[in-house]
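Here is how the chains run, residue by residue.
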Amino acid sequence: MRPRPRPGAVTVGAVRGAALLLGLAAFGSTLWHGLDEPGNALAFGTLVALGELARWGAVPGTGAAGAAEEPRASEPAPLAAAGALAYALLGTSAGAPTTHGVPQTVAVVVAAGLAGIVPHIARGRGPGLDHLARRVLTVGFAALCFQPLYNAGAVTEHLGQGPAYALFLVLLLVLTALCDAVLAALLLRARTGFPYGPLLRDELRAFLGIGSAVCATGTVMALAVAAAGLWALPVLAVPLLLTQVSFRRYAAVRTVNRQTIASLARATEIAGCTPPGHARRVAALSAAVGRELGLSGAELAVLEHAALMHDIGQLSLVDPVAGGATALLPAEEQRRIALLGGEVVRRTGVPEAVAVVVERQADPYREQPLPARIVRAVNAYDDLTGPGTGEGAAAALGALERLRLGTARDYHPDVVECLARVLARGGAAGVTSAVPG
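Only a predicted model underlies this, so the values are computations on that prediction, with no experimental measurement involved. (Residues numbered from 1 in each chain as written. Predicted model: local features only at pLDDT ≥ 70, side-chain atom pairs only at ≥ 80, totals over all residues. Heavy atoms only, no water.)

Section: the nonpolar core
Line of reasoning, step 1. With 53 residues, the main nonpolar core has Phe44, Leu89, Phe146, Leu169 and Met221 as its most contacted residues.
Line of reasoning, step 2. If you list the elements that add at least two residues to this core, you get helix H1 (7–33), helix H2 (38–53), helix H3 (78–88), helix H4 (101–122), helix H5 (129–151), helix H7 (163–192), helix H8 (196–228) and helix H9 (232–270).
Line of reasoning, step 3. Per-element tally for this core: the top contributor is H3, with 9 residues.
Line of reasoning, step 4. When near neighbours in sequence (up to four residues on either side) are disregarded, Met221 contacts Leu47, Leu79, Ala82, Gly83, Ala86, Leu233, Leu236 and Ala237.
Line of reasoning, step 5. In terms of nonpolar packing, the next biggest core, distinct from the first, is built from 46 residues, Ala283, Ala327, Ala355 and Leu403 among them. (Core = buried A, V, L, I, M, F, W, Y, C linked by side-chain atoms within 4.5 Å. Buried < 20%, exposed > 50% of the residue type's maximum accessible area, 1.4 Å probe, protein only. Helix = DSSP H or I, 4+ residues; strand = E, 2+ residues; numbered from the N terminus. Contact = heavy atoms within 4.5 Å.)

Have a look at this one:
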């Protein structure tokens, strides 16, 4: 009997399959009917290709522990996205009506996008298939909402070419952005199993950044080309390119900050205070549990950084803790180490919220913020399944049972059960999986 595919794999396959079918149908229709207005197609295709060439490789938002701080920190190719949306909403060019329609819009955007990402693929930094599928489907959605109505004359008849028409384009692009956010959250939900609501909320929050600039630029491009012709494209591309450079620098600063925090976290391992990989395992599993509990991207960033640095207080001890397992110490000693850690973290310049989580990780759970509850439970789990505690599912199940027995004071019951669910699904990379009893 063939094994049934996982629901997540079915969802991802359905989205990719829909994008592939749409792309093939668009190419077939364009080849059959020929290319309308080659000048417009070449200009917008070139803009999309250049935008893909100017994309940055990895989307910012991947944390030091390998867990995603945010589903999508920003659009990695904003110029290409704006150009594609502008072509989808192009009704006239220099006063002359356009007739390129939905299939040609999709075909030109797909062909130009593929041409622009070839150099990235050659360097092993190409975009994922999920991103390409979303681009095809969202551009097709925008063109389908606009082109048939405009070509039928309904848009100009009811709205004219004034402010109402511009507002109509903005509303269409906002609707398209919502469609893209829904698809992105759906794909991430299928891959990770995290709750859909917080993922969608993070995608919508990300739209308020460079996503809003993409929509605004796409609208202005469509309106400017309608009035002034294709010469407006290079002029309007410059502000978005400058915005992209600023986001690239911001992403670089975030990357350096995460690397700095990861290096500080390794100090306890180098000093022999904690086992190798302990901080990264706790951070990765804490982020997975935080996602399961519905934390947002910003909250997950604080959680991950605090989890990476949760044992840094051990550097202030005269006598190191045996095996670095603070979960096995008396409550007073755990509290003292946590306070020392919070003081050290405050001197590193990281956000105050990170230090608060570190210093409150040893409090009774009823007095803790949610991130501190997560760090405490996950740290205890890793301590109880570390070297010398046994191997395999038996050790994991034993650790979960000890956490459940400690839910009267030390560990929040919801966090422990959420940890068990995450572990049952495979947890985070490099973390032992066990089915909860």
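Description of the UniProt feature "transmembrane region" (unreviewed entry) in the protein
Line of reasoning, step 1. Mapped onto this numbering, the UniProt entry annotates "transmembrane region" (unreviewed entry) at residues 12–35, 102–120, 132–150, 162–187 and 207–233.
Line of reasoning, step 2. Measuring from the first to the last C-alpha atom of residues 132–150 gives 27 Å, for a span that is 100% helix and 0% strand.
Line of reasoning, step 3. Structurally, residues 162–187 comprises 96% helix and 0% strand, and the distance from its first C-alpha atom to its last is 38 Å. (UniProt positions renumbered as here; feature names shortened; annotations may be inferred.)

What about the side chain of Glu359?
Line of reasoning, step 1. On the secondary structure map, Glu359 appears in helix H13 (residues 352–359).
Line of reasoning, step 2. When its relative accessible area of 17% is taken as the criterion, Glu359 is described as buried.
Line of reasoning, step 3. Reaching out from Glu359, the side chain makes a polar contact with the side chain of Arg346 at a distance of 2.8 Å.
Line of reasoning, step 4. Residues in contact with Glu359, not counting those within four places in the same chain, are Arg335, Ala338, Leu339, Gly342 and Arg346. (Polar contact = N/O pair within 3.5 Å; in protein donor to acceptor, adjacent residues only side chain to side chain.)

A few points about H13
Line of reasoning, step 1. Restricting attention to buried positions, one finds in H13 the residues Val354, Ala355, Val357, Val358 and Glu359.
Line of reasoning, step 2. Next to the buried residues of H13 lie helix H11 (297–308), helix H12 (331–346) and helix H14 (370–384).

Quick word on the packing of aromatic side chains
How two aromatic rings sit relative to each other is given by the distance of their centres and the angle of their planes.
Line of reasoning, step 1. Taken as a whole, this structure holds 4 aromatic pairs when the rule is applied.
Line of reasoning, step 2. Arranged with centres 6.4 Å apart and planes meeting at 35°, the rings of Phe146 and Phe168 form a pair that is tilted. A residue pair is termed long-range when its members are at least 10 positions apart, and Phe146 in helix H5 and Phe168 in helix H7 qualify at 22 residues. Across the pair, Phe168 and Phe146 agree in class, each one buried.
Line of reasoning, step 3. Residues Tyr150 and Tyr165 carry aromatic rings whose centres are separated by 6.4 Å and whose planes lie at 50° to one another, so their mutual orientation is tilted. Within this pair, whereas Tyr150 is found in helix H5, its partner Tyr165 is found in helix H7, the two being separated by 15 residues in sequence. Judged on exposure class, the residue Tyr150 and its partner Tyr165 are both buried. (Phe/Tyr/Trp six-rings, centres within 6.5 Å; stacked < 30°, edge-to-face > 60°.)

Some remarks on H12
Line of reasoning, step 1. Taking 1.5 Å per residue, 16 residues should reach 22 Å; H12 reaches 23 Å between its end C-alpha atoms and fits that length.
Line of reasoning, step 2. Of all the positions in H12, only Gln334, Ile337, Ala338, Gly341, Gly342 and Val345 are classed as buried. In a view along the axis of H12, the buried residues occupy a sector of 145°, so they form one face of it.
Line of reasoning, step 3. Against the buried residues of H12 lie H13 and H14. (Expected span 1.5 Å × (residues − 1). Arc of directions from axis to C-beta.)

Details of the environment of Ser286
Line of reasoning, step 1. Tracing the backbone shows Ser286 in helix H10 (residues 278–292).
Line of reasoning, step 2. Note on Ser286: relative accessible area 0%, which makes it buried.
Line of reasoning, step 3. Here the alpha-carbon distance between Ser286 and Leu300, two residues 14 residues apart in the chain, equals 8.7 Å.
Line of reasoning, step 4. Residues in contact with Ser286, not counting those within four places in the same chain, are Leu303, Ala307, Ile374, Val375 and Val378.

Looking at the confidence of the model for the protein
Line of reasoning, step 1. In the predicted model, the protein carries a mean pLDDT of 81, and the fraction of residues at 70 or more is 89%.
Line of reasoning, step 2. Taken as a whole, residues 58–73 scores under 50 in pLDDT and shows 55 contacts with residues more than four places along the chain or in a different chain.
Line of reasoning, step 3. In this model residues 428–437 is a low-confidence stretch, pLDDT under 50, and it forms 28 contacts with partners more than four residues away in sequence or in other chains. (pLDDT = per-residue confidence, 0-100.)

Digging into the pattern of salt bridges
Line of reasoning, step 1. Across all of its chains, the model carries 17 salt bridges by this definition.
Line of reasoning, step 2. In this structure, Glu52 engages Arg135 in a salt bridge whose closest nitrogen and oxygen atoms are separated by 2.9 Å. One end of the pair, Glu52, is in helix H2; the other, Arg135, is in helix H5, and 83 residues separate them in sequence.
Line of reasoning, step 3. Residue Glu52 is classed as buried on the basis of its relative accessible area of 3%.
Line of reasoning, step 4. Relative accessible area serves as the criterion here: at 10%, Arg135 is assigned to the buried category.
Line of reasoning, step 5. Its salt-bridge partner being Arg346, residue Glu352 comes within 2.6 Å of it at the nearest N-O pair.
Line of reasoning, step 6. Owing to a relative accessible area of 45%, Glu352 belongs among the partly exposed residues under this scheme.
Line of reasoning, step 7. Relative accessible area serves as the criterion here: at 32%, Arg346 is assigned to the partly exposed category. (Salt bridge = Lys/Arg side-chain N within 4 Å of Asp/Glu carboxyl O.)

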